[in-house]
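# Results of the structural survey
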Amino acid sequence: MRDLDGTNATTRAVLLANRPKDMPMADWLKLMANPVNAVLYPLHITQEMLDTLDAREFDLRYR
């Protein structure tokens, strides 16, 4: 199931885990919705995330 911004729950969890602490959640999600920004701000996926999330569900736009 996809959220209003077009991301699924797995992708949204990774995006929020990578959000800078001083940036509001809505601003971060809006920033990362732009494909150019998704390339400029690489997401870090930890082993703990892989242990708890299904990596096959991760949105390919963020690879």
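The paragraphs below set out a description of the structure included in this document. These numbers come from a predicted model, not from an experiment. (Residues numbered from 1 in each chain as written. Predicted model: local features only at pLDDT ≥ 70, side-chain atom pairs only at ≥ 80, totals over all residues. Heavy atoms only, no water.)

### A few points about the overall build of the protein chain
Along its length, the protein chain carries four helices and zero strands. Along the first, second and third principal axes, the C-alpha set of the protein chain runs to 25 × 25 × 20 Å. The buried share of the protein chain, reckoned over its 63 residues, is 27%. A fraction of 50% describes how many contacts in the protein chain between residues 6 or more apart in sequence connect residues 24 or more apart. (Helix = DSSP H or I, 4+ residues; strand = E, 2+ residues; numbered from the N terminus. Buried < 20%, exposed > 50% of the residue type's maximum accessible area, 1.4 Å probe, protein only. Contact = heavy atoms within 4.5 Å.)

### Some thoughts on helix α1 (residues 9-17)
Residues of α1 that are buried: Thr-10, Thr-11, Val-14 and Leu-15. For α1, the buried positions fall inside an angular range of 135° around the axis, keeping them on one side. For α1, the secondary structure elements touched by its buried residues are α2 (25-33) and α4 (47-52). Its side-chain oxygen placed 3.3 Å from the backbone nitrogen of Thr-10, Asn-8 serves as the N-cap of α1. (Arc of directions from axis to C-beta. Polar contact = N/O pair within 3.5 Å; in protein donor to acceptor, adjacent residues only side chain to side chain.)

### Section: the nonpolar core
Counting 10 residues, the largest nonpolar core is built from Val-14, Leu-15, Trp-28, Leu-29, Met-32, Ala-38, Leu-43, Met-49, Phe-58 and Tyr-62. Where this core is concerned, the elements lending two or more residues are α1 and α2. Examining the composition of this core, we find that three residues originate from one element, α2, more than from any other. (Core = buried A, V, L, I, M, F, W, Y, C linked by side-chain atoms within 4.5 Å.)

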